[in-house]
Amino acid sequence: MKPDLFQAPDYYNLDDLLTEEHKLVRDSARAWVKREVSPIIEEYAQKAEFPKQIIKGLGEIGGFGPYIPEEYGGAGLDQISYGLIMQEIERGDSGVRSTSSVQSSLVMYPIWKYGNEEQRMKYLPKLATGEYMGCFGLTEPNYGSDPGSMITNFKDMGDHYLLNGAKMWISNAPFADIAIVWAKNEEGRIHGLIIERGMKGFTTPETHNKWSLRASSTGELIFDNVKVPKENLLPNKSGLGAPLGCLDSARYGIAWGAIGAAMDCYDTALRYAKERIQFDKPIAGTQLQQKKLAEMITEITKAQLLTWRLGVLRNEGRATTAQISMAKRNNVDMAIHIAREARQMLGGMGITGEYSIMRHMMNLESVITYEGTHDIHLLITGMDITGIPAFK
């Protein structure tokens, strides 16, 4: 087991833009990742298992709904703090960050924003500590980038709703206590429903044989005539805009998280290049390796500036969906490119579990696809600047 020697790059002194609270939150998350995630994550990725023992710690560092008000069990932090926590967790592993951001932005966020007071008090405090774990059901077997065409539906049966359908590629599904499920009513309007484990007809089969996000638990949500109490409907927002609002929050977290993965790959490659001797000198002294490293730190710095500014806009309530799409697309693409370049710098050692790079590279193949594919986010930007949707 190798020690975690990670040192975060800050080429433009961006710490000067952070408050003392921001730095304290980030440093606490960073120390926790070094202590609790780094020593075990390669083993869990190799055996394709989520390390459930870290759930309590994720709650303690603010990994679950850090921006949720304290009255509901959250930390009441701002959006930059949320981003920095996601950055540090994904520096450890994208799958662990997926668990964290699903809980925060796709489960706690809709209950907080779209739920009523009774729902907030019932679920949010337990979700904040990890006593309850949740998942988010939007994607279906036949509808990923086109969620508005979903088939999952519910009917009003008088004293309850009857839910039928299926969702897939759902992070946390196999062990989630609750699921925020998006389904159409009899008029075709999309609503959110809180589904609890144990409801008859609700099953969550696990997805196996993944080459990516191996330390994350992924599954399906199957609804076979599930009776849902009427009080489990999220009352304060409906339509496709409701789940897309949750995805804005999650994609914002991904934009920060991808920087963490990129920083880890860069830091690993830089340290290796200084230590690896070929032709009587460290490979860090060769032009091609310096080109790779210089381009890596340049792209990381640009991404850091992009997300910091986006965080300011989020804090002010001015960030648009299209701006979030740009940051998610840019930063994940940046991270996956850096992972591939870093892997080459390590040669054959880069494919082994002795180093984190290959795991990051495989994980990022999922991150570049989920919550809006690379190409879909490009079209969101295109639609925003031209006013013409190109999806159809």
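See above for the structure.
Nothing here was measured: the structure is a model prediction, and the numbers come from that model.

Student: I'm lost on the overall build of the chain in this one. Help?
Tutor: A count of helical and extended segments in the chain gives 10 helices and nine strands. Whereas a compact globule of 392 residues would reach a radius of gyration of roughly 21 Å, the chain reaches 21 Å, a difference of no more than 12%. By residue count, 55% of the 392 residues in the chain fall in the buried class. Expressed as a percentage of contacts within the chain between residues at least 6 apart in sequence, the contacts between residues at least 24 apart total 75%. For the chain, the accessible area works out to roughly 17100 Å², and carbon and sulfur atoms hold 52% of it. Mean positive and mean negative side-chain charge positions of the chain (43 and 48 charges, respectively) differ by 3 Å.

Student: I would appreciate a short explanation of helix H5 (residues 117-129) in the present structure.
Tutor: Taking 1.5 Å of rise per residue, the 13 residues of H5 would be expected to cover 18 Å, and the 19 Å separating its terminal C-alpha atoms lies within 8% of that figure. Among all positions in H5, only Gln 119, Arg 120, Tyr 123, Leu 124, Leu 127 and Ala 128 are buried. On its buried face, H5 is in contact with helix H2 (55-60), helix H4 (94-114), strand E1 (134-137), strand E4 (178-184) and strand E5 (190-196). For H5, the capping residue at the N-terminal end is Asn 116, with a side-chain oxygen 3.2 Å from the backbone nitrogen of Glu 118.

Student: Would you mind going over the environment of Tyr 12 with me for this structure?
Tutor: Along the chain, the position of Tyr 12 falls in the segment before helix H1 (20-46). Taking the C-alpha atoms as reference, Tyr 12 lies 9.0 Å from Leu 305; in sequence the two are 293 residues apart. Contacts of Tyr 12, omitting those with residues within four sequence positions, involve Thr 301 and Leu 305.

Student: Before we go on, may I ask you to explain the environment of Phe 6 in this structure?
Tutor: Inspection of the secondary structure puts Phe 6 in the segment before H1. The sequence separation of Phe 6 and Ile 55 amounts to 49 residues, and the corresponding C-alpha distance is 23 Å. Once you skip the residues sitting within four places of it in the chain, Phe 6 turns out to touch Arg 30, Lys 34, Arg 91, Met 263, Asp 264, Asp 267 and Arg 271.

Student: So what exactly am I meant to see when it comes to the layout of surface pockets here?
Tutor: By rolling a water-sized probe across the atoms, one finds the places where empty space is left. Within this model, the largest pocket holds a volume of roughly 1200 Å³. Lining the largest pocket we find 43 residues, and of these Thr 139, Gly 144, Tyr 370, Glu 371 and Gly 372 sit closest to its centre. If you list the elements that add at least two residues to the lining of the largest pocket, you get H4, strand E3 (160-171), helix H6 (241-275), helix H8 (321-345) and helix H10 (374-386). Looking at the lining of the largest pocket, the element that brings in the most residues is H6, giving six residues. Residues that form the lining of the largest pocket fall into these classes: 19 nonpolar, 16 polar and eight charged. The space that makes up the second largest pocket amounts to roughly 580 Å³. Taken together, 26 residues form the lining of the second largest pocket, with Lys 2, Pro 3, Glu 354, Tyr 355 and Ser 356 sitting closest to its centre. Mapped by element, the contributors of at least two residues to the lining of the second largest pocket are H1, helix H3 (79-92) and H6. Residue classes in the lining of the second largest pocket are distributed as nine nonpolar, five polar and 12 charged.

Here is what the cut-offs are and how they apply
Residues numbered from 1 in each chain as written. Predicted model: local features only at pLDDT ≥ 70, side-chain atom pairs only at ≥ 80, totals over all residues. Heavy atoms only, no water. Helix = DSSP H or I, 4+ residues; strand = E, 2+ residues; numbered from the N terminus. Rg over C-alpha atoms; globule rule 2.2 N^0.38 Å. Buried < 20%, exposed > 50% of the residue type's maximum accessible area, 1.4 Å probe, protein only. Contact = heavy atoms within 4.5 Å. Areas by Shrake-Rupley, 256 points an atom, 1.4 Å probe, with all protein chains shown as cover. Lys, Arg positive; Asp, Glu negative; His and termini not counted. Charge placed at Lys NZ, Arg CZ, Asp CG, Glu CD. Expected span 1.5 Å × (residues − 1). Polar contact = N/O pair within 3.5 Å; in protein donor to acceptor, adjacent residues only side chain to side chain. 1 Å grid on protein atoms, 1.4 Å probe; cavity = no way out; pocket = protein on both sides within 12 Å on 5 of 7 lines; lining within 4 Å. Points joined across faces, edges and corners; volume = space filled by probe spheres on them. Nonpolar A, V, L, I, M, F, W, Y, C, P; charged D, E, K, R; others polar.

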